[in-house]
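Fold and geometry: a report
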Amino acid sequence: MTSTQTSAPHSMASAEELRKRALELQIAEMERDEKIKAREAEKHAEFVEDFFSKHIDEKERAMIKRLVMKAAADGKYEAMIYSFPSSFCDDGGRAINNSLPGWQKTLQGKAKELLDLFEQLAKPQGYGLKAMIIDFPGGMPGDVGLFLTWEPPVK
């Protein structure tokens, strides 16, 4: 008994179909990237709005206290209590980056409010406040970190 089997040739997608599929994937990836960028832009806009028009609330004060207590429990003498883009300083972070006297005058928004709170509440209790550029994306000053310090005095 002989049977002739005719197997259908394995069908393979045409080059046109593969190009179309690749293009669809590229479009989907571009749409996803655009959504991510839009979300990031929205978050940034909310942060800018919050930084320049709102005040430090009890939730933020409690977070700062937790950061300080955690650092102290870890045996440290400072805690970064806030960070923000150096572009939020009125000199783009230049005074902070160069440790110039009067860097405090360049602060704006919540950073200035934190400085005022520091002067009012923490400084009389022996705390210090320092600011430094904490990253340099593309070699340029990025974010500023504000650090509350409680180092023992140098004798």
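Up top is the structure.
Cut-offs used in this document
- Along each chain, numbering runs from 1 in the same order as the chain's sequence is written.
- Predicted model: local features are reported for residues with pLDDT of at least 70 only, side-chain atom pairs are reported and counted for 80 or more only, and whole-chain, interface and lining totals are derived from all residues.
- The basis for every side-chain value is the complete set of heavy atoms in the structure, and neither hydrogens nor water enter the calculation.
- Pairs of strands are assigned from DSSP output, requiring at least two bridges between the strands.
- A run of H or I in DSSP counts as a helix once it spans at least four residues, and a run of E counts as a strand once it spans at least two, with each numbered from the N terminus.
- Axis lines are fitted to C-alpha atoms, over the contacting stretch for helices. Their N-to-C directions set the angle, which ranges from 0 to 180 degrees.
- One speaks of a salt bridge when a side-chain nitrogen belonging to Lys or Arg is within 4 Å of a carboxyl oxygen belonging to Asp or Glu.
- Note on classification: 1.4 Å probe, protein chains only; a residue is buried when its accessible area is under 20% of the maximum for its type, exposed when over 50%, partly exposed between these limits.
- We define the nonpolar core as a collection of buried residues of types Ala, Val, Leu, Ile, Met, Phe, Trp, Tyr and Cys that are connected through side-chain atoms lying within 4.5 Å of one another.
- Contacts were defined at the residue level, with two residues in contact if any of their heavy atoms lie within 4.5 Å.
- Nonpolar side chains (Val, Leu, Ile, Met, Phe, Trp, Tyr) are joined into patches within 5 Å and like charges within 9 Å, using only residues with over 30% relative accessible area and no salt bridge.
- Only the protein chains shown count as cover for residues, with accessible areas throughout obtained via the Shrake-Rupley method and a probe of 1.4 Å.
- A helix is expected to span 1.5 Å multiplied by its residue count minus one.

Pairing in this open sheet of 3 strands is antiparallel, and the strands run 1-3-2 from one edge to the other. Looking at the sheet topology across the chains shown, the edges are occupied by strand 1 (78-85) and strand 2 (128-133). Strand after strand, the sheet turns through a mean of 25° between neighbouring axes, direction not considered. As paired strands, strand 2 and strand 3 (residues 143-149) are joined by 6 bridges and run antiparallel to one another. Of the residues in strand 3, the one forming a bridge with Ile-133 is Val-144.

We now examine the pattern of salt bridges. In a structure, side chains of opposite charge can pair up when their charged atoms sit close to one another. One pass over the full model with this rule turns up 8 salt bridges. We note a salt bridge from Lys-70 to Asp-74, for which the minimum N-O separation is 2.7 Å. For Asp-74, a relative accessible area of 42% puts it in the partly exposed group. A salt bridge links Lys-130 to Glu-78; the shortest N-O distance between them is 2.7 Å. Here Lys-130 is found in strand 2, whereas its partner Glu-78 is found in strand 1, with 52 residues between them in sequence. You can call Glu-78 partly exposed: its relative accessible area is 27%. Linked through salt bridges whose partners overlap, the residues forming this network are Asp-50, Glu-60 and Lys-110.

Turning to the nonpolar core, a few remarks are in order. Formed by 28 residues in total, the largest nonpolar core has its most connected members in Ile-81, Phe-84, Ile-96, Trp-103, Leu-107 and Leu-146. At the level of secondary structure, the elements contributing two or more residues to this core comprise helix 2 (58-73), strand 1, helix 3 (94-97), helix 4 (109-122), strand 2 and strand 3. In terms of residue count, helix 4 provides more of this core than any other element does, 6 residues in total. Excluding residues within four positions of it along the chain, Phe-84 makes contact with Phe-47, Phe-51, Cys-89, Leu-107, Ala-111, Gly-142, Asp-143, Val-144 and Leu-146.

On the surface, Met-80, Met-132 and Ile-134 cluster together to form a nonpolar patch covering roughly 220 Å² of accessible area. For Met-80, the location among the structural elements is in strand 1.

Relative to the 20 Å expected for 14 residues at 1.5 Å per residue, helix 4 spans 19 Å between its end C-alpha atoms, a close match to the ideal helical length. Among the residues of helix 4, those classed as buried are Lys-110, Ala-111, Glu-113, Leu-114, Leu-115, Leu-117, Phe-118 and Ala-122. If you follow the buried residues of helix 4, they end up packed against helix 1 (15-53), helix 2, strand 1, strand 2 and strand 3.

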